[in-house]
Amino acid sequence: MSSGESRAGIDLTNLDQPLSPDAGATKRDLIDYLDAVADRIVPGLAGRPLTVLRVLRGRAPFMQKNVPKYTPDWVRTVVIWAEASHREVHYPVCDDRRTLLWLANQRAVEYHPALGLAENVYRPTHLVLDLDPPADGDFTAVVKVAHLVRGALQGCGLAGAVKTSGAKGVHVFVPIDDHAPVDDVAAATRALAARAEALDPALATTAFIVEDRAGKVFVDATRAGGATVAAAYSPRLRPGTPVSFPLDWSDLDRVSPADFTVHTAIGALAGRDPWADSMPGPQRLPRDLIEQGHTIPVARVAAMHEGKRRARARRANEN
């Protein structure tokens, strides 16, 4: 049956179509999975402007912020001014199962909520470090660096929760209170990345320029004000359709990101909600961490200046 089914008042269509040539999953598999984790994924999406990755037949996958014109009026939206493109963006906000199923029926595979809530999108509720593997995709190295990050957090009295990114990396989330303005949160993120790197500089790097990473795990500290990050439990458009899966710190060493897909994740959850279970309460960022971070240049700006400097040096050598 390719259509005619309905859930939560959503008429579901074309359920037997594959999501992509290498997804190993159909639209039905996507909807069944998201419906099964709705009570776990929605709390991480609720109240937040949402960007989704959609994959339509015959088109390249695309990130969508603006809701399409045919969006039902019961889907909550929030209007945010986008400085980069100088326009208003009407984001969907996924507060409930019905909205989630509507998005899934639109072939929205990935769910990337903002780190801030709709009423103040530039105030992150979590500090996030994104650990990217070296070019060879070595997950064991990522896990080692995740433990360095945890050590850096413990060193300043903080605690975080960890999940696979659903690709080849790991995300560490640290819930924070609303005491620190966004510039201070961004600074604290940079400082934590630097402290993790300092614990084992042979393994971890904060080098923003790819060719400077020398086969190390990149501790990405750029997810701050206005940023998005793949939600816990979100599927990813990768071969096999893996999902971003929350883990206990003690389980990190025993898993591979490919263990968790739209087909296997429900069984692995075994009725639990590990993201909710492992997430600490909101914490205040230590002043010394913030102060250290303000001495560290913003990565993108530093990389831009360094790129220009290297280009000048190349031109000088050529002349």
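Residues numbered from 1 in each chain as written. Predicted model: local features only at pLDDT ≥ 70, side-chain atom pairs only at ≥ 80, totals over all residues. Heavy atoms only, no water.

1. Observations concerning the overall build of the protein
- Helices and strands together make up the secondary structure of the protein, namely nine helices and 13 strands.
- Here the protein has a C-alpha radius of gyration of 20 Å; the compact-globule value for 319 residues is 20 Å, and the two agree.
- Overall size of the protein, expressed as C-alpha extent along the three principal axes, is 65 × 45 × 40 Å.
- Per-residue burial over the protein gives 50% buried out of 319 residues.
- Roughly 14500 Å² of accessible area belongs to the protein as shown, and the carbon and sulfur atoms make up 52% of that amount.
- The centroid of the 38 positive side-chain charges in the protein is displaced by 5 Å from the centroid of its 38 negative side-chain charges. (Helix = DSSP H or I, 4+ residues; strand = E, 2+ residues; numbered from the N terminus. Rg over C-alpha atoms; globule rule 2.2 N^0.38 Å. Buried < 20%, exposed > 50% of the residue type's maximum accessible area, 1.4 Å probe, protein only. Areas by Shrake-Rupley, 256 points an atom, 1.4 Å probe, with all protein chains shown as cover. Lys, Arg positive; Asp, Glu negative; His and termini not counted. Charge placed at Lys NZ, Arg CZ, Asp CG, Glu CD.)

2. Examining the UniProt feature "domain: DNA ligase D polymerase" (unreviewed entry) in the protein
- Residues annotated in UniProt with the feature "domain: DNA ligase D polymerase" (unreviewed entry) correspond here to residues 26–275.
- Within residues 26–275, the helical portion is 28% and the strand portion 20%, while the C-alpha atoms at the span's ends are 26 Å from each other. (UniProt positions renumbered as here; feature names shortened; annotations may be inferred.)

3. Examining the packing of aromatic side chains
- Summed over the entire model, instances satisfying the criterion amount to three aromatic pairs.
- Arranged with centres 4.0 Å apart and planes meeting at 0°, the rings of F245 and F260 form a pair that is stacked. Within this pair, whereas F245 is found in the loop between β12 (217–220) and β13 (246–247), its partner F260 is found in the loop between β13 and α6 (265–269), the two being separated by 15 residues in sequence.
- The class of F260 is buried, set by a relative accessible area of 7%.
- The ring of F62 carries the charged tip of R59 above its face, separated from the ring centre by 4.4 Å.
- The lysine or arginine in question, R98, covers the ring of W74, its NZ or CZ lying 3.7 Å from the ring centre. (Phe/Tyr/Trp six-rings, centres within 6.5 Å; stacked < 30°, edge-to-face > 60°. Lys NZ or Arg CZ within 6 Å of the ring centre and 35° of its normal.)

4. Quick word on the environment of A221
- Relative to the assigned elements, A221 resides in the loop between β12 and β13.
- Apart from residues no more than four positions distant in its own chain, A221 is found in contact with L129, T189, R190 and A193. (Contact = heavy atoms within 4.5 Å.)

5. Points about the sheet that holds strand β4 (residues 62–64)
- The three strands lie next to each other as β4-β3-β7, forming an open sheet whose pairing is antiparallel. If you trace the sheet from one side to the other, it starts and ends with β4 and β7 (108–113), each paired once. Here the strands of the sheet are splayed against their neighbours by 25° on average, with no regard to which way each runs.
- Inspection of the sheet shows strand β3 (residues 50–54) paired to β7 by five bridges, in the antiparallel sense. In the sheet register, L53 faces β7, and the bridge partner there is E110.
- Its contacts with the sheet place helix α3 (residues 97–105) against β3 and β7, and it is angled at close to 130° to β7. (Pairing = 2+ DSSP bridges. Axes fitted to C-alpha atoms, helices over the stretch in contact; angles between N-to-C directions.)

6. Considering the side chain of H171
- With respect to the element layout, H171 can be found in strand β10 (residues 170–175).
- You can call H171 buried: its relative accessible area is 3%.
- Within the structure, the side chain of H171 is placed 2.8 Å from the side chain of K163, a separation counted as a polar contact.
- If near-sequence neighbours (up to four positions away) are discounted, H171 is found in contact with L129, D130, A161, V162, K163, S165, V229 and A230. (Polar contact = N/O pair within 3.5 Å; in protein donor to acceptor, adjacent residues only side chain to side chain.)

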